[in-house]
Amino acid sequence: MDFRKKINGSVASRTALVVLVMVAVVLIGFGFWQTHYVRMVMVQEVHRQANRSMDNAINIIEDRISDVETALETAAGYADVFTKDDELCYQLLDRLIGHNDDISAVTLLYRENFFPEHGRYFAPTVFRDSNEGILDYDEIGGPDHDFCYLETDSNWIYTSQHLDGYWCLPYLDTMSTQRPMVTYSVPLCEPNGQIYAVLCADVALDWVKQIMEEAKPYPYSRVCVISRDQQFICHPDSKNILNTNVMEYSRRRGNAKSVEVMEKMLRWERGSDTMSLPSKASRNIQSDVGEIPGRQIVFYAPVESVLWSVSFSIPESSIMEVPNRLKTNMMWLLCFMLALLALIIYIIIHRELRPLKQLAVSTHEMAKGNFDVPLPRISRNDEIGNLRNSFAEMQTSLENYINKLQTTTAQKASMESELSIASHIQASMLPKTYPPYPERRDIEVFGTQTPAKAVGGDLYDFYIRDEKLFICIGDVSGKGIPASLVMAVTRTLFRVVSGHEAAPERIVAQINETISLDNESNMFVTLFIGVLDLPTGRFRYCNAGHDAPLIVGTDVQLLPCESNIPVGIVHNWKFVAQETIIQPQTTVFLYTDGLTEAENSHHELFTEQRIIEVARQAIDSADIAPFSFINRQSEAMRAFVGGAEQSDDVTMLAVEYTKQQQDVRLLRDITLPNDVQTVPQLAKFVEGVCEELAFDPSTTMQLNLALEEAVVNVMSYAYPAGVKGTVRIEAQANVERLKFTITDNGVPFDPTAKEAVDVSLSAEERPIGGLGIFLVRELMDSINYERVSGQNVLTLRKKLK
Amino acid sequence: MKTTIEEKEGNLIAIFEGRLDTAAAPQCEQDLKPLADCEGRDIILDCTALDYISSSGLRLFLGVLKTAKPKGSHVYVTGMNADLRSVFTMTGFINLFEMKS
């Protein structure tokens, strides 16, 4: 693992290893080829050498043998001069043995009764004394000379079949020297051709071994000579000589090849063969002393004159000893060279790449953001020098880039901070306290907005004024900061205009006038404004190009809407209002197109159809409360959209209307003419009501004041001057509140639409008037105006503690 | 409702009694006309006996102030009960008039 890490982590190590492996492969390949070649040359050389030695040995043997033959045959030519005399014959024998060192004994075997005085078979012999080298004289054939060698059918000696010289089979001289011998015999004939004696020369075969040992090509080669009667004449192990049958010997060695070679030798063939000698240990096989196991090359050739066969066997391991030693040395040398080569490559590459390492250290520092780090000095003009220069350039441009980036980032951060403030301001413009009217039981409202960007172009708002719920939802064209500015303007206008105007079409119209004026950026707003009269459930609304809200009660339906046109496009457009009655236990659901057009990753839209389905589920589970209703829609949308990015602001507003019926504790009324002089009667009526409800004088005074101001307002403005009419005042109380309803038949007149007076103005700036309605608002808890069936209906409420 | 104008220590004093409501306002307006000739004299509106005042009454008070101030007169209000004072506070009139106990 450590090694692998080192190899992978260092170019020097890796290159050294690769070069090493390649060189090793090439050298080993070359080494194999060379070994093979040397081996081949060696074998050829061995063959040549062995053949030469073989020829040499055979020639010497043939010479020696031929010397003996010649001597005897020459002697046979003139033998009759000596042989006819029993003394002279010794001279012949003397001469023969004296002139030929190879001959160890010469014998003359006479025919039966040739010299009667010497017994039946006269056989004079001269032999060398093996110890002193001098000649001895003897007669063989036993003390009585009655043993006839000539007629014995022995190997040793001539038989009557042979008329020429004859080499007997080798034999051991058991009678005297115990040496291997061979005898050449030549017949001596009478002129008539009759054989009268045989001249024999015994040749000791010691010299054969000597000649072979001298002639053998290598000191480690083994020599062996066999005779035609399958006996060893010469063998490394002398106990086998003339004592062991060669075929049996070969078979005992358990080697088919050896037997085959032996057969070829006995057919007097010349050639060479390769055979394997198993090691001694491998099997229980007879082997010879000093024999080297393994492959052997055997060379063999005949000695034709005596029908012997000579062989050299050379162990291959010995032939190959030198090449093998050479091979081993070469291997060591190779290893050493490779190691040296690897070391040199490593050192060179390591030194060449050292600047890269320093460069890596510098780069590492740079990566930490330290751009001032000095790069290593490299004066070289090669690739590494170029790399260093490139790094220097990169360092400079990177530093510049980072500086620029820092500036840009700082600017961006400041912009983001501003954007976050803008987003915060915008969020603060939306209602955010829920539930907004915890004290009310007739209304529940909930709204949410999720901007697609930090600041959005959607708006919604609601508030209660004079027992009327004003709601508004809108979507400014475009997104981001420009849209958010228009959104802020629209929302502010909604609050300002609806503060004194309860008719939705007029609110929309006024907003439109302001926004469409000098609308150079052509921004526009789709807007829906609704006014829900809480006591009656009457819902008046005006739609300026916005999505129609859903009415979710016992069933889901779309609120029928005139679309008009969005706000801000056409100046002076006449917006049309519509009206409906919202039944108790009904939720009005308003939303922007961010909900209908919410996109999933397959670019499918959420659609109005899905919103309606979700609304139906809400009805089925009997839960149409605004908070849970909006949550339900949000979850459905989120599940639909999945991971896709939100593309537009999503705004939802839900209003649940639950009208409360309460027991009436008090119910009184009075009808007055439209004459302000009847105010004291009104005061008496109010005091009577207050007395019944056990109010303290202060409260009574306040109610008196509020009623007077409201009624005088109606009397003064509902009827044109000079027209007589009446004003009916009804007081109704339950446990929670006291309610005054002021009804008249005059022209439509909404006192709540008056702008509020500024009580902080100085005496000079203050207009005379406008205080009346201000006082009513101050003194009562709510004021509410409705025009119902041709009548102005003004309702004042005071909570009871 | 009864309104009386008196001159005392060089000041003009208007004394109101009863309820100054819309019905009573026209008569009261007539009664207060002499105050227009204040000629730098201070005007004291004595509300000690005034039980009630509506916006019509407040309008009259404001009229007096608007007439008198350019002539360099001070207009003081005295003797208001708690209910009247709360109406004055509500409407910001308490900041327009100088209060005198």
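## So, a nonpolar patch on the surface
On the surface, Leu333, Phe336, Met337, Leu340, Ile344 and Ile348 of chain A cluster together into a nonpolar patch covering about 590 Å² of accessible area. Along the chain, Leu333 of chain A turns up in helix α9 (residues 321–367).

## A short note on the packing of helix α11 (residues 480–498) of chain A against helix α12 (residues 504–516) of chain A
All names here are of chain A. Relative orientation of the contacting elements α11 and α12 amounts to 135°, with a least axis distance of 9 Å. Judged by the angle between their axes, α11 and α12 are oblique. Judged by the twist between their axes, the crossing of α11 over α12 is right-handed. On α12, the residues touching Thr490, Leu493, Phe494, Val497 and Ser498 of α11 are Ile507, Gln510, Ile511, Thr514 and Ile515. Residues that form the contact of α11 with α12 fall into these classes: six nonpolar, four polar and no charged.

## Quick look at the sheet that holds strand β22 (residues 650–657) of chain A
All names here are of chain A. Spatial strand order, β13-β22-β21-β18-β19: five strands in an open sheet with antiparallel pairing. In the strand order of this sheet, the two ends are held by β13 (443–450) and β19 (556–558), each with one partner. The mean angle between the axes of side-by-side strands here comes to 15°, regardless of whether they run parallel or antiparallel. Where strand β18 (residues 550–552) and strand β21 (residues 586–591) come together, three bridges link them in antiparallel fashion. Within β21, the residue paired with Ile551 across the bridge is Val588.

## Description of the sheet that holds strand β5 (residues 98–100) of chain B
Residues and elements named next belong to chain B. Across the sheet, which stays open at both edges, the five strands sit in the order β1-β2-β3-β4-β5 with mixed pairing between neighbours. Edge positions in the sheet fall to β1 (2–8) and β5, since each has one partner strand and no second. Adjacent strand axes in the sheet meet at a mean angle of 25° when their direction is disregarded. Pairing geometry for strand β2 (residues 11–20) and strand β3 (residues 43–53), over eight bridges, is parallel. Across the sheet, Leu12 pairs through a bridge with Ile43, a residue of β3.

The rules we used
Residues numbered from 1 in each chain as written. Chains lettered and ligands numbered in written order. Predicted model: local features only at pLDDT ≥ 70, side-chain atom pairs only at ≥ 80, totals over all residues. Heavy atoms only, no water. Patch = residues over 30% accessible without salt bridge, like charges linked within 9 Å, V, L, I, M, F, W, Y side chains within 5 Å. Areas by Shrake-Rupley, 256 points an atom, 1.4 Å probe, with all protein chains shown as cover. Salt bridge = Lys/Arg side-chain N within 4 Å of Asp/Glu carboxyl O. Helix = DSSP H or I, 4+ residues; strand = E, 2+ residues; numbered from the N terminus. Axes fitted to C-alpha atoms, helices over the stretch in contact; angles between N-to-C directions. Parallel < 35°, antiparallel > 145°, perpendicular 65-115°, else oblique. Left-handed = near helix turned anticlockwise from the far one by under 90°. Contact = heavy atoms within 4.5 Å. Nonpolar A, V, L, I, M, F, W, Y, C, P; charged D, E, K, R; others polar. Pairing = 2+ DSSP bridges.

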